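The residues making up each chain are set out below.
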Amino acid sequence: MKGLSEPLDPRKIFVRNKYSRFPNILAFASGKGGVGKSTLSGLFAMYLAQKGYKTGLLDLDLYGPSAHIILGAPLEGLPEEENGVIPKEVNGVHFMSVVFYSENRPLVMRGKDLGDAVLELLTITNWSELDWLIFDMPPGLGDTLLEVAELTHARYIVITNSSRLSMESVEKLLEFIKTENLEYHGLVENMVMNGGLKYIRDKSEEMGVPYLGIVSFYRDIEKLYGDPDALMSSPLKEEFDRLFENIVEGRK
Ligand SMILES: Nc1ncnc2c1ncn2[C@@H]1O[C@H](COP(=O)(O)OP(=O)(O)OP(=O)(O)O)[C@@H](O)[C@H]1O
Ligand SMILES: [Mg+2]
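Below is a short write-up of the structure. (Residues numbered from 1 in each chain as written. Chains lettered and ligands numbered in written order. Predicted model: local features only at pLDDT ≥ 70, side-chain atom pairs only at ≥ 80, totals over all residues. Heavy atoms only, no water.)

Things to note about the packing of aromatic side chains
Thought 1: Across all of its chains, the model carries 11 aromatic pairs by this definition.
Thought 2: Between Tyr47 and Phe244 the ring centres are 6.3 Å apart and the planes differ by 65°, which places this aromatic pair in the edge-to-face class. Taken together, the residues span a long stretch of sequence, with Tyr47 in helix 2 (residues 37–50) and Phe244 in helix 10 (residues 236–251) at a distance of 197 residues. Each member of the pair, Tyr47 as well as Phe244, carries the same accessibility label: buried.
Thought 3: Look at Tyr53 and Phe244: their rings are 5.6 Å apart centre to centre, the planes differ by 45°, and that puts the pair in the tilted class. Pair noted here: Tyr53 is in the loop between helix 2 and strand 2 (55–59) and Phe244 is in helix 10, with a separation of 191 residues, a long-range link. (Phe/Tyr/Trp six-rings, centres within 6.5 Å; stacked < 30°, edge-to-face > 60°. Helix = DSSP H or I, 4+ residues; strand = E, 2+ residues; numbered from the N terminus. Buried < 20%, exposed > 50% of the residue type's maximum accessible area, 1.4 Å probe, protein only.)

The following block contains the structure:
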């Protein structure tokens, strides 16, 4: 199995085995903050559920959880428990987030505690059988990324904006992914206006990273939050179709 070196910690071995049964784990990640990881992971999870796939979404941005807003998850009532915590079903997506417990209180943790919290969240969540499991990752290269890389065979979908500034930090993440031999699907250029930036396509080609496609800047994106019908009749649907094809194609 790909990933960082084999863990010796029995808790980690347990989680590795647990997640090895999921056929497809997609981690929406970026070296940069605010480029649309949560928006795209939340909407893409809803899109997959609309296509009839059993889909899970795990918000792994513990400092700034936001996937619940994209998915339209109500925060009232804790998730049910049975052999762990059962993800809530929201708009067809099995959804888990610390926000059910923290609500609007800030989570303040040191790096070591953050790693432990990620491990625990992965451990306690009792997923049903899933065709696709999606992780909404926090920005940058930190403890959460290291935990996910060590514990799962997630394949990375790396998000950038149409800007050199964003691509600069994304290149560092891609370097890390390649150096550690992690699996990846490729790069998505989000919030694209006027066809995208040639620099980004050129860079991805230079690095040998598949360019999965664009997601246009969509002024009314907030109207799609928690509304699968609106999503499926929006211009993003076609762009998601292309992303999906490229993801499935790249998996073969
Ligand atoms: N395609 C798009 N069209 C228009 N607005 C978008 C698009 N994608 C994302 N946004 C907006 O960009 C902002 C940042 O998006 P989001 O929170 O998903 O980024 P993020 O990468 O998850 O950020 P963070 O690093 O803080 O977790 C949000 O206001 C969101 O509505
Ligand atoms: Mg986010």
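Describing the site of ligand 1
Thought 1: Around ligand 1, a shell composed of 17 residues is seen, among which Gly34, Lys37, Ser38, Thr39 and Tyr218 lie nearest.
Thought 2: Contact between ligand 1 and Lys37: an oxygen atom at 2.6 Å from a side-chain N or O atom of the residue.
Thought 3: The contact in question runs from a nitrogen atom of ligand 1 to an N or O atom on the backbone of Tyr218, over 2.9 Å.
Thought 4: Coverage of ligand 1 by the protein chains reaches 76% of its 640 Å² of free accessible surface.
Thought 5: Elements supplying a minimum of two residues to the shell around ligand 1: helix 2, strand 7 (184–192) and strand 8 (211–216).
Thought 6: A per-element tally of the shell around ligand 1 places helix 2 first, with three residues.
Thought 7: Of the residues assigned to the shell around ligand 1, the class counts are eight nonpolar, seven polar and two charged. (Near = heavy atom within 4 Å. Polar contact = N/O pair within 3.5 Å; in protein donor to acceptor, adjacent residues only side chain to side chain. Areas by Shrake-Rupley, 256 points an atom, 1.4 Å probe, with all protein chains shown as cover. Nonpolar A, V, L, I, M, F, W, Y, C, P; charged D, E, K, R; others polar.)

Here's the deal with the packing of helix 1 (residues 10–20) against helix 6 (residues 143–151)
Each packed pair of helices is defined by two parameters, the angle between the axes and the distance between the axes.
Thought 1: In contact at an axis separation of 9 Å, helix 1 and helix 6 are set at 70° when each is read in the N-to-C sense. Considering their axes alone, helix 1 and helix 6 lie roughly perpendicular with respect to each other. Residues Lys12, Val15, Arg16 and Tyr19 of helix 1 touch helix 6, and the partners they reach there are Glu147, Glu150 and Leu151. (Axes fitted to C-alpha atoms, helices over the stretch in contact; angles between N-to-C directions. Parallel < 35°, antiparallel > 145°, perpendicular 65-115°, else oblique. Contact = heavy atoms within 4.5 Å.)

Some words on the sheet that holds strand 4 (residues 93–96)
Thought 1: Taken in spatial order, the eight strands line up as 3-4-2-5-1-6-7-8 in an open sheet, and their pairing is mixed. The open sheet has two edge strands, strand 3 (88–90) and strand 8, and neither has a second partner. The sheet shows a mean angle of 25° between the axes of neighbouring strands, direction not considered.
Thought 2: Bridge analysis of strand 1 (residues 25–29) against strand 5 (residues 132–136) gives four bridges, and the strand direction is parallel. Within strand 5, the position partnered with Ile25 by the bridge is Leu133.
Thought 3: Helix 2 contacts strand 1, strand 2, strand 4, strand 5, strand 6 (155–161), strand 7 and strand 8 of the sheet and is inclined by roughly 165° relative to strand 5. (Pairing = 2+ DSSP bridges.)

Some words on unusual backbone geometry
Thought 1: Residue Glu103 is not a glycine yet carries a positive backbone phi of 50°.
Thought 2: Judged by its relative accessible area of 41%, Glu103 falls in the partly exposed class.
Thought 3: We note that Asn194 has phi near 60°; this positive angle belongs to a residue other than glycine.
Thought 4: Note that Asn194 resides in the loop between strand 7 and helix 8 (198–207).

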